[in-house]
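Structural overview
Spelled out from the first residue to the last, the chains are:
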Amino acid sequence: MAKMVTPYKDSSLGKKEQVAQMFDTISGNYDGLNRVISFGTDIKWRKKVLSIVQAKNPTTILDIATGTGDLAILLSKTKAEKIIGLDISVGMLEVGKKKIVQKKLDNRIEMILGDSENLPFEDNSIDAITVAFGIRNFENLEKGLSEIVRVLKPNGVFVILETSVPQKFPFKQGYQFYTSNILPLIGRLFSKDNSAYAYLSESASVFPFGEELNNILRKIGFIEVKALPQTFGVATIYSASKQ
């Protein structure tokens, strides 16, 4: 298992509380900064997540670590009757709620404060569950995944979109330079929280990806586990199901 990386090295709070604090701090400029950092490719990746979920025709969707609701809003293109966005950051949820009202989607999308490791849903109750750029923020990865497999319906779909590390030259070297030097610099220029984007970079570098994460998903009880690398491997989409 990857080493524990936290946003604030000198904080006495646990990772979960630190992550909530960090996202509260950067919530106001998170969306715009994400577009800059990923050069807009995160939009394309989310559309691929949508296509995987859409193929399953879900009635209910849960988007965990929903942040400001970008993926939850995109998932409204499915025929799902109910979409729930869950996050531990009040600040991110408030930004997301405003976006949802503006798009007149508040009759279908509900944003709720909650913990990914203690999901407030019954067993076998959700058709599709997604996590975009949030799973590496789980304090206890296996506990969070166990909660997801618990609430997912049999034959339901679970989709993760997460950063990963390219393995081929020169993309691996370029990625390492960008995440170590450029990304924290952009974060410092645009965010009042100097630690936030340094944490996002460091946490991405140590988080399990590819077959390593596939094996963790299988260990938890997921089936039909697949990893689909995106854009030279700088991100990966994982899909899985439940027996």
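Preceding block: the structure.
Read on for a plain summary of the structure. These figures come from a predicted structure and were not determined experimentally.

Basis of the calculations
- Residues numbered from 1 in each chain as written.
- Predicted model: local features only at pLDDT ≥ 70, side-chain atom pairs only at ≥ 80, totals over all residues.
- Heavy atoms only, no water.
- Buried < 20%, exposed > 50% of the residue type's maximum accessible area, 1.4 Å probe, protein only.
- Helix = DSSP H or I, 4+ residues; strand = E, 2+ residues; numbered from the N terminus.
- Pairing = 2+ DSSP bridges.
- Contact = heavy atoms within 4.5 Å.
- Phe/Tyr/Trp six-rings, centres within 6.5 Å; stacked < 30°, edge-to-face > 60°.
- Arc of directions from axis to C-beta.
- Axes fitted to C-alpha atoms, helices over the stretch in contact; angles between N-to-C directions.
- Parallel < 35°, antiparallel > 145°, perpendicular 65-115°, else oblique.
- Nonpolar A, V, L, I, M, F, W, Y, C, P; charged D, E, K, R; others polar.
- Core = buried A, V, L, I, M, F, W, Y, C linked by side-chain atoms within 4.5 Å.
- Salt bridge = Lys/Arg side-chain N within 4 Å of Asp/Glu carboxyl O.

Overview of the pairing of strand E7 (residues 235–241)
With 7 of 7 residues buried, E7 is to be regarded as a mostly interior element. Where burial is concerned, the two faces of E7 agree: the one with Ala235, Ile237, Ser239 and Ser241 and the one with Thr236, Tyr238 and Ala240 are both buried. Pairing between strand E5 (residues 152–163) and E7: 7 bridges, direction antiparallel. Each bridged residue has a counterpart across the sheet, and for Phe158 the counterpart in E7 is Ala240. Where strand E6 (residues 223–230) folds back on E7, the antiparallel hairpin that results is connected by 4 residues, among which Thr231 adopts a positive phi of roughly 45 degrees.

What to know about the environment of Leu71
You can see Leu71 is positioned in helix H4 (residues 70–74). Judged by relative accessible area, Leu71 falls into the buried class, the value being 2%. Residues in contact with Leu71, not counting those within four places in the same chain, are Arg46, Val49, Asp63, Thr130 and Ala132.

Observations concerning the packing of aromatic side chains
In the structure shown here, the tally under the stated rule is 3 aromatic pairs. Between Trp45 and Phe133, the aromatic rings sit 6.1 Å apart at their centres with planes inclined by 55 degrees, giving tilted as the arrangement. Of this pair, Trp45 sits in helix H3 (residues 41–54) while Phe133 sits in the loop between strand E4 (126–132) and helix H6 (141–151); the two residues are 88 residues apart in sequence, bridging distant segments of the chain. On the numbers, 4.2 Å between centres and 10 degrees between planes, the contact of Phe171 with Phe232 is stacked. Taken together, the residues Phe171 in helix H7 (residues 171–190) and Phe232 in the loop between E6 and E7 connect sequence positions 61 residues apart.

A few points about helix H2 (residues 30–38)
Along H2, the residues that are buried comprise Tyr30, Asp31, Leu33, Asn34, Ile37 and Ser38. Buried residues in H2, looked at end-on, bunch into an arc of 165 degrees, giving them a common side. Taken from the residues just after H2, Phe39 is the one with a positive phi, measuring 55 degrees.

Brief notes about the packing of H2 against H3
Following both chains from N to C, one finds H2 and H3 inclined at 95 degrees, their axes separated by 7 Å at the closest point. One finds that H2 runs roughly perpendicular with respect to H3. From H2, Asn34, Arg35 and Ser38 reach across to H3, where they touch Thr41, Asp42, Ile43 and Arg46. A breakdown of the residues in the contact of H2 with H3 according to their chemical character gives 1 nonpolar, 3 polar and 3 charged.

Considering the nonpolar core
Counting residues in each nonpolar core, the largest one holds 29 residues, and the members touching the most others are Leu145, Ile148, Phe158 and Phe222. Of all elements in the fold, only strand E1 (60–64), strand E2 (82–87), E4, H6, E5, helix H9 (211–220) and E7 reach the threshold of two or more residues within this core. A per-element tally of this core places H6 first, with 5 residues. Each residue touching Phe222, except ones within four places of it in the same chain, is listed here: Leu145, Ile148, Val149, Leu152, Phe158, Leu217, Ala240 and Ser241.

So, the pattern of salt bridges
Here the idea is simple: oppositely charged side chains can pair when their charged atoms come close. In total, this model carries 13 salt bridges according to the counting rule given. In this structure, Glu202 and Lys9 form a salt bridge, with 3.0 Å as the shortest nitrogen-oxygen distance. Note that Glu202 is positioned in helix H8 (residues 196–206) and Lys9 in the segment before helix H1 (15–26), a separation of 193 residues in sequence. Among the residues examined, Glu202 registers a relative accessible area of 27% and is labelled partly exposed.

Thoughts on the environment of Lys97
If you trace the backbone, Lys97 turns up in helix H5 (residues 90–102). Classification of Lys97 by relative accessible area gives partly exposed; the value is 35%. Along the sequence, Lys97 and Ile160 sit 63 residues apart, while their C-alpha atoms lie 22 Å from each other.

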